[in-house]
Amino acid sequence: MTNNTMVEEAENNKVVERKEVIPLLTPFNMGKFNLSHRIVLAPLTRTRSYNFVAQSHAALYYSQRTSKGGLLIGEASGVSETAQGYPNTPGIWTREQVEAWKPIVRVVHEKGGIFFCQLWHAGRVSNYAYQPGGQPPISSTNKPVQKEGSSTKYPPPRRLRTDEIPKIVNDFIMAAKNAIEAGFDGVEIHGANGYLLDQFLKDKVNDRDDKYGGSLENRCRFPLKVVKAVADEIGANKVGVRLSPFADYCDCGDSDPQGLGIYMAQSLNKLGILYCHVIEPRMHTMFDQSKTNSSLLPMRKAFNGTFIVAGGYNRSEGNRVIASGGADLVAYGRLFLANPDLPKRFELNAELNKVDRSTFYNNDPVVGYTDYPFLENDS
């Protein structure tokens with residue numbers, strides 16, 4: 001080997017060493033799932049599942065956002081006929097719904113993605129039109145949602161009786177079994193955003209005087225029963241939970257969010273579940289960030305499994321939270337919605353498509369859904 005060749009090789013090695021390590025694009029083992037990067041598709045309601053059945057256009061939507069070894073969390077899917085709170089959201093409680101999900105899950109798997117189904121019950125964030133027989137929606141309370149400045153009116157719910165709780169737990173079990181039958185790799189139990197399980201967790205809403213209300217332990221009892229039952233049915237290594245202790249979505253806040261978050265993290269440890277997915281304190285309301293001194297670090301330290309954070313992250317913040325050990329994975333909602341090739345754009349630090357909020361919840365099978373351009377199609 002000549003001196004010139006040796007010098008050239010040394011210079012090439014330096015270039016390789018200088019190549020930027022992008023924390024978000026490093027691999028991670030989430031239990032038995034080998035992820036190729038840390039960027040997760042967050043669960044996003046898209047209201048394009050007509051008559052509560054997932055549609056064929058969802059196959060293209062999820063396929064577009066699939067990368068080999070990437071984790072996708074599907075949109076909130078109702079666990080029973082009392083679970084729905086919005087029009088055109090999918091369910092996972094009937095045979096037709098299970099069959100409709102199968103080809104959607106298949107295309108994600110064909111591209112090497114890992115796909116979890118989010119199991120959801122809206123509770124009082126619903127109205128009579130979505131309930132069987134026009135009945136009131138169910139909740140921990142009979143107090144209706146009070147959303148200042150919102151044109152949406154929610155009727156008073158019906159407080160679940162103590163003896164009805166096992167039936168709801170069973171609805172989650174059956175939905176989890178259905179999700180696995182549909183081909184999903186696992187399920188995420190939706191315990192966030194002001195929906196049914198959150199209505200039990202939060203002391204601003206839960207005004208019960210039975211064993212499911214009052215103390216912190218009592219308020220967490222029903223959500224933890226759901227998690228345990230689902231984990232026992234399909235395996236804890238296929239179960240994640242989403243929480244938002246600091247949020248006040250749908251008039252659902254708590255007086256001690258840090259205490260609630262840590263208690264739930266410690267309790268979930270005992271159940272051995274795969275991951276905990278938590279919304280950042282800065283996302284106190286659904287779409288806008290606010291300044292806060294609160295942090296998810298105590299929850300992160302309390303939970304032994306994979307820790308996923310979500311809520312207003314961009315590329316640099318995502319890299320920072322992974323590099324600092326603040327999280328294992330980062331879930332992206334609006335950025336992933338508007339940029340189906342988000343991992344590639346983050347790798348290249350490429351410009352991002354702008355999000356069009358006006359099409360978030362329309363019912364069009366293409367516009368604002370599958371028509372966001374990929375990098376190679378950008379002009």
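Residues numbered from 1 in each chain as written. Predicted model: local features only at pLDDT ≥ 70, side-chain atom pairs only at ≥ 80, totals over all residues. Heavy atoms only, no water.

## Concerning the nonpolar core
1) Next: One finds Y62, F222 and Y332 to be the most contacted residues of the largest nonpolar core, which totals 85 residues.
2) Next: The residues touching Y332, leaving out its near neighbours within four places in the chain, are L24, I39, V40, L41, A42, Y313, N314, R315, G318, L342 and F346.
3) Next: If you look at the next biggest cluster of nonpolar residues, it comprises 16 residues, including M30, L35, F116 and I308. (Core = buried A, V, L, I, M, F, W, Y, C linked by side-chain atoms within 4.5 Å. Buried < 20%, exposed > 50% of the residue type's maximum accessible area, 1.4 Å probe, protein only. Contact = heavy atoms within 4.5 Å.)

## Re the environment of L24
1) Next: As for its position among the elements, L24 is in the loop between α1 (3–18) and β1 (28–30).
2) Next: Judged by its relative accessible area of 0%, L24 is buried.
3) Next: Counting along the chain gives 308 residues from L24 to Y332, while the straight-line C-alpha distance between them is 12 Å.
4) Next: With near-sequence residues (within four places) excluded, L24 lies in contact with H37, R38, I39, R315, G318, N319, I322, V330, Y332 and F346. (Helix = DSSP H or I, 4+ residues; strand = E, 2+ residues; numbered from the N terminus.)

## Brief notes about unusual backbone geometry
1) Next: You will see that T47, though not glycine, has its phi angle at about 45°, which is positive.
2) Next: With respect to the helices and strands, the residue T47 is situated in the loop between β3 (39–41) and α2 (57–64).

## A look at the packing of aromatic side chains
1) Next: Inspection of the entire model under this criterion finds 17 aromatic pairs.
2) Next: Judged by centre distance (5.2 Å) and plane angle (65°), the rings of W101 and F184 are edge-to-face. Within this pair, whereas W101 is found in helix α3 (residues 95–110), its partner F184 is found in the loop between α4 (165–181) and β9 (186–191), the two being separated by 83 residues in sequence. F184 carries the same exposure label as W101, and that label is buried.
3) Next: Ring geometry for W120 and Y195: centres 5.5 Å apart, planes at 85°, overall edge-to-face. Of this pair, W120 sits in strand β6 (residues 114–120) while Y195 sits in the loop between β9 and α5 (196–201), and the two are 75 residues apart along the sequence. For the pair shown, W120 and Y195 are each scored as buried.
4) Next: Site record: aromatic cluster; members linked through ring pairs are Y61, Y62, W101, F115, F184 and Y369.
5) Next: For R282, the ring lying beneath its charged end belongs to Y313, and the centroid distance is 4.6 Å. (Phe/Tyr/Trp six-rings, centres within 6.5 Å; stacked < 30°, edge-to-face > 60°. Lys NZ or Arg CZ within 6 Å of the ring centre and 35° of its normal.)

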